[in-house]
Amino acid sequence: MKKTLFTILCILFFCLQLSFAQSPERKNALSYSVSILDYYSPFGENLLDPEGNQSLAAKIAYHRNLTGPLNLEIPFRLGKATVPTPLDPSNLVSEGDLFINADALLQLQFFRESNFFVPYLSAGLGLSSVEGLDTDFQIPLGVGLDFRLSEGVYLHARSDYRVSTTELAGTDGNLDNFIHNIGVKVFMGKGTQEPEAPADRDGDGVSDLMDACPDEAGLAALKGCPDRDSDGVADADDTCPDVAGEKAFAGCPDTDGDTVQDSEDVCPTVAGLAKFQGCPDTDGDGIQDSEDKCPNVFGTASFGGCPDTDGDGIEDAKDQCPDAAGIARFNGCPDTDGDGIADREDDCPEEAGSITNKGCPIKEISEEDKETLDFVAKNIQFETNSSFLKTGSSDRLDQVADILSRYPEYNVNIDGYTDSAGKDSYNQWLSERRAERCYNYLLEKGIAASRMKFTGYGEASPIADNGSAEGRRLNRRVEFNLYPRD
């Protein structure tokens, strides 16, 4: 028993020395606790059996912060224990005998030590010995909570369930047990002392170790170096140390504040643009004032900076309608209906029309006149195998001339046809001559030649059956097809 106790004390002393040697800072603590030993509850019917809470021990422990939330605890306990036989708590194997225990535990805490309370989990390895029994190697698993009482002082409470790994002779098994602890934890050390103030030869408040100019008083913001012109650029880095300037230009000035330094600014006293070497573009049209024909009016490069208000590609100075988009052929004036007649000359500017009708739409041919033209086409008669008109046919052509006179905006196609009797080539020739005869008649009646065309189609496109006399009569015709003039 004494040998075991000596071994435990040596291990504990070695661990304490090792931990103290790791850091002089305030990462170390000692705790003093009372431990309640419970060998009954793991085998009894009731958890935390009060009969098992009669064994007590005193505990002293060393605590060390390893890193972040991870801590090391090395506790040592000395007391008396009453130990029942597993599966038969009424049969004691030890009653009030000497108890010695030492552990090495890792703790994972969930808050900083400065918090009001600090919960944590613990696990590790332990060695316990009860007088008269074999030494027991155990795995302690615990949960704890520290309550802050004052700066560096905590109420320390924890419960461990200890898993036994050694089967003890005469006990019918392993002796798992609880240990409940309550006490005080006290942090050690006074923390890091304030270092002595470092040397400052030039007395500018910047230590020589950090002072880039230790023999010349300067500014802390400039690592102790001077700034004669107070522009925020140390003299050593200032291209213009006696004239306040900009950091962006190594301490040289930009008088007009246009981000172009004076040495590169063609217009240093007037704010301008970098792309124009600091010269202005007053109207913001992308053409610098010195090259802008209209510097105070937004314009386009294609007109030397002068405007084209309506955006029609014709500058205002040459645009007869500068506020309405137009076309070049009308000197910038619009043709809204796209009929090729400028609005100012168009009697119907919003309705496409004909130039022959002053820009207004050509009127529709009446149904009555269409019927007349259809009747004439079927009733003009010629001498047999001839293009000479029969008596009465000229009256019908007079009706066509009258219609053309009343619709001056129309032209006419004069189309001649024959029946199928005779050779195709002859019929073709005959249809052309008869269409031409009608053309010449209308020309004599005052219808302009520019309004008429004649064509012969022979026996093509019959409108009736050539197998009957009536059908052949209807197929021998001249049609007058009116269409609007261009």
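Bear in mind that the values here come from a model prediction, so they are computed numbers and not experimental data.

(A) Fine view of the state of the cysteines. One pass over the structure, following the stated rule, counts six disulfides. Disulfide pairing places Cys240 opposite Cys252 at an S-S distance of 2.0 Å. Between Cys240 and Cys252 the sulfur-sulfur dihedral comes to about 80°; the bridge is accordingly right-handed. A residue pair is termed long-range when its members are at least 10 positions apart, and Cys240 in the loop between strand E10 (177-187) and helix H2 (367-379) and Cys252 in the loop between E10 and H2 qualify at twelve residues. Classification of Cys252 by relative accessible area gives buried; the value is 9%.

(B) Spotlight on the nonpolar core. The biggest cluster of nonpolar side chains holds 25 residues, and the ones touching the most others in it are Ile414, Cys438, Leu442, Phe480 and Leu482. Every element with two or more residues in this core is listed here: H2, helix H3 (393-406), strand E11 (410-417), helix H4 (424-444) and strand E13 (477-484). Not counting residues within four places of it along the chain, the set of residues in contact with Cys438 comprises Ile380, Phe382, Leu397, Ile414, Val478 and Phe480. Within the second largest apolar cluster, ten residues are counted, among which are Tyr39, Ala57, Val130 and Leu133.

(C) Summary view of the side chain of Ser122. In this fold, Ser122 is placed in strand E5 (residues 117-130). Its relative accessible area of 7% is what places Ser122 among the buried residues. Leaving out residues up to four positions away in the same chain, Ser122 has contacts with Leu106, Gln107, Pro140, Leu141, Gly142, Val143, Arg158 and Asp160.

(D) Main features of unusual backbone geometry. Backbone geometry places Lys223, a non-glycine residue, at a positive phi of 55°. Of note, Lys223 is situated in the loop between E10 and H2. One non-glycine residue, Ser461, adopts positive backbone phi at about 55°. By secondary structure assignment, the location of Ser461 is in the loop between strand E12 (452-456) and helix H5 (469-475).

(E) Focus on H2. In this model, H2 (13 residues) spans 18 Å end to end at C-alpha, consistent with the 18 Å of a helix rising 1.5 Å per residue. What H2 keeps buried is the set Asp369, Thr372, Leu373, Val376, Ala377 and Asn379. In this fold, the buried residues of H2 make contact with H3, H5 and E13.

(F) Inspection of the pattern of salt bridges at higher detail. Enumeration according to the criterion identifies 21 salt bridges in this entry. With a shortest N-O distance of 3.9 Å, Arg433 and Glu432 are connected by a salt bridge. In this structure Arg433 comes out as partly exposed when scored by relative accessible area, which is 24%. On the accessibility criterion, Glu432 (27% relative accessible area) is partly exposed. Counted as one network, the salt bridges with shared partners bring together Lys59, Glu73, Arg77, Asp103, Arg158, Asp160 and Arg162.

(G) Molecular detail of the packing of aromatic side chains. One pass over the structure, following the stated rule, counts six aromatic pairs. Judged by centre distance (5.8 Å) and plane angle (85°), the ring pair of Tyr407 and Tyr410 falls under edge-to-face. Of the two residues, Tyr407 and Tyr410, both sit in the buried class. With a centroid separation of 5.3 Å and an interplanar angle of 15°, the aromatic rings of Tyr417 and Tyr457 are classed as stacked.

(H) Examining the environment of Lys318 more closely. For Lys318, the position within the fold is in the loop between E10 and H2. For the pair Lys318 and Ala328, spaced ten residues apart in the sequence, the C-alpha separation amounts to 10.0 Å.

(I) Inspection of the side chain of Asp254 at higher detail. Position of Asp254 among the secondary structure elements: in the loop between E10 and H2. For the buried Asp254, which has no salt bridge, the nearest side chain bearing the opposite charge is Lys247, at an N-O separation of 15 Å. Residue contacts for Asp254: discarding those within four places in its chain leaves Glu246, Phe249, Thr259, Val260, Gln261 and Asp262.

Rules behind the numbers
Residues numbered from 1 in each chain as written. Predicted model: local features only at pLDDT ≥ 70, side-chain atom pairs only at ≥ 80, totals over all residues. Heavy atoms only, no water. Disulfide = S-S within 2.5 Å. Helix = DSSP H or I, 4+ residues; strand = E, 2+ residues; numbered from the N terminus. Buried < 20%, exposed > 50% of the residue type's maximum accessible area, 1.4 Å probe, protein only. Core = buried A, V, L, I, M, F, W, Y, C linked by side-chain atoms within 4.5 Å. Contact = heavy atoms within 4.5 Å. Expected span 1.5 Å × (residues − 1). Salt bridge = Lys/Arg side-chain N within 4 Å of Asp/Glu carboxyl O. Phe/Tyr/Trp six-rings, centres within 6.5 Å; stacked < 30°, edge-to-face > 60°. Lys, Arg positive; Asp, Glu negative; His and termini not counted.

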